[in-house]
Amino acid sequence: MSTQDPDLTRRAGRALDAANFFLADVRDGLGPYLAVYLLTEQHWDEARIGLVMSVATIAGILAQTPAGALVDATRAKRTVMAVAAILVTLASLSLPLFPSFLPVAISQGVAQAAGVIFPPAIAAVSLGIFGHRAFTRRIGRNETFNHAGNAVAAGLAGLSAYWFGPTVVFYLLGGMAIASLVSILAIPERTIDHDLARGLDGANDAEHHDQPSGLKVLMTCRPLLVFAICALLFHLSNAAMLPLVGQKLALQDKNLGTSLMSACIVAAQLVMVPFAMLVGAKADTWGHKRFFLAALLILPIRGALYTLSDNPFWLVGVQLLDGVGAGIFGAIFPVIIADLMRNTGRFNVAQGAVITAQSIGAALSTTLAGFVVVGAGYSVAFITLGIVAAIGAVICLLALPETRHGGPRPRGETAPPSSAIAAE
């Protein structure tokens, strides 16, 4: 760990818990509520909704790898996260004031571009405080609090929207933003080892302090490239599923659309909590690749089940599977990146590069799903998204190596250097 004071480390851990809880609602901005709001309040069609969400996501794609490089380089990680939280909130709150296509695309682009800082920054701060040995368990804890925060925020949004309408989510976002700022600034700065936070282990790694390049990492580390492709396919499949469910629910009952969407989110987030905890507790023992493969395999099953009924209770029930897949993915993602980039000093820019790939998948997902819905209906869209994830699972099974360090090895085989996987 970066500090020898256990009390200070515990204080940092509690502040990190709170930051993950309150940032849960802030880091994604309006998230799936954007589709419901634009459909029911602004009367946009599905294709136009998918297009504006994709346009906004492109801004996040362009910002993602530079954001990872910034997290590697800066020693003001708390300040960077605080500024990002403010930008996401202000951009989202502007939506009711300027609801036409261009302002919505711009405001959501700003929110996406600012929000991409949170995943690498939270992971970096966690690694800088707790080190590689405790990183998997810490990430599991981060995701547990993140999903708990999402569940609470979605529950509050659903109950409030029932009485006050869909626009209540804007006020909830503002309140969570203020709490997240307090939590971020409560993390003691001196507990963060900034060299460790970028993936270095000690003074002997000074040679790796060069400026990292996301493109170079992707081109020279074959397992990272395979992982990036799988992450892209995961999000190409997953990103559009919840917005599509929200649209189906809203079309059945406009007044209950936001509340039912909140029920979907709460159901999934409650399931994510134990699965994030499971990853944190068992991934180092059971294997990191196995968990990632399980996350991919859940998506084809989920897509097929959505086609069986339009009953709101059925749709909310199937959404529980989102908790399994997304809960595993969110917890195992930074762990695998840390495995691959250990001792390279490029942990955060590698996160940014892979998140760029998955953001491309997410951007294409909403556009693909929107046009498939318009042309062939919701059921065909869900099946199409499921097939995409199945392709990712095959690639993961055949091409991605096990990445964990210190795992079981054949008798007589010594442990490889910590950066050996990255060199493959």
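Procedures and definitions
- Residues numbered from 1 in each chain as written.
- Predicted model: local features only at pLDDT ≥ 70, side-chain atom pairs only at ≥ 80, totals over all residues.
- Heavy atoms only, no water.
- Patch = residues over 30% accessible without salt bridge, like charges linked within 9 Å, V, L, I, M, F, W, Y side chains within 5 Å.
- Areas by Shrake-Rupley, 256 points an atom, 1.4 Å probe, with all protein chains shown as cover.
- Salt bridge = Lys/Arg side-chain N within 4 Å of Asp/Glu carboxyl O.
- Helix = DSSP H or I, 4+ residues; strand = E, 2+ residues; numbered from the N terminus.
- Buried < 20%, exposed > 50% of the residue type's maximum accessible area, 1.4 Å probe, protein only.

Caption draft 1: Just a nonpolar patch on the surface, in detail. Together, Val 83, Leu 87, Leu 102, Ile 106 and Val 110 line one region of the surface with nonpolar side chains, adding up to about 430 Å² of accessible area. Broken down by secondary-structure element, the contributors of at least two residues to the nonpolar patch are α4 (77–93) and α5 (101–115). Looking at the nonpolar patch element by element, the count peaks at three residues for α5. Looking at the element boundaries, Leu 87 is found in helix α4. The exposure class of Leu 87 is partly exposed, given its relative accessible area of 40%.

Caption draft 2: Just the pattern of salt bridges, in detail. According to the stated counting rule, one finds six salt bridges in the structure shown. Across the pair Asp 17 and Arg 141 runs a salt bridge, and its minimum N-O distance is 2.8 Å. Here Arg 141 lies in helix α7 (residues 135–164) and Asp 17 lies in helix α1 (residues 6–26), a separation of 124 residues in the sequence. Note that Asp 195 is salt-bridged to Arg 75, the shortest N-O span being 3.5 Å. Remark: Arg 75 occurs in the loop between α3 (46–73) and α4 and Asp 195 occurs in helix α9 (residues 194–197); sequence separation between them is 120 residues. Among the residues examined, Asp 195 registers a relative accessible area of 27% and is labelled partly exposed. Each of Asp 17, Arg 138 and Arg 141 takes part in a single network of salt bridges with overlapping partners.

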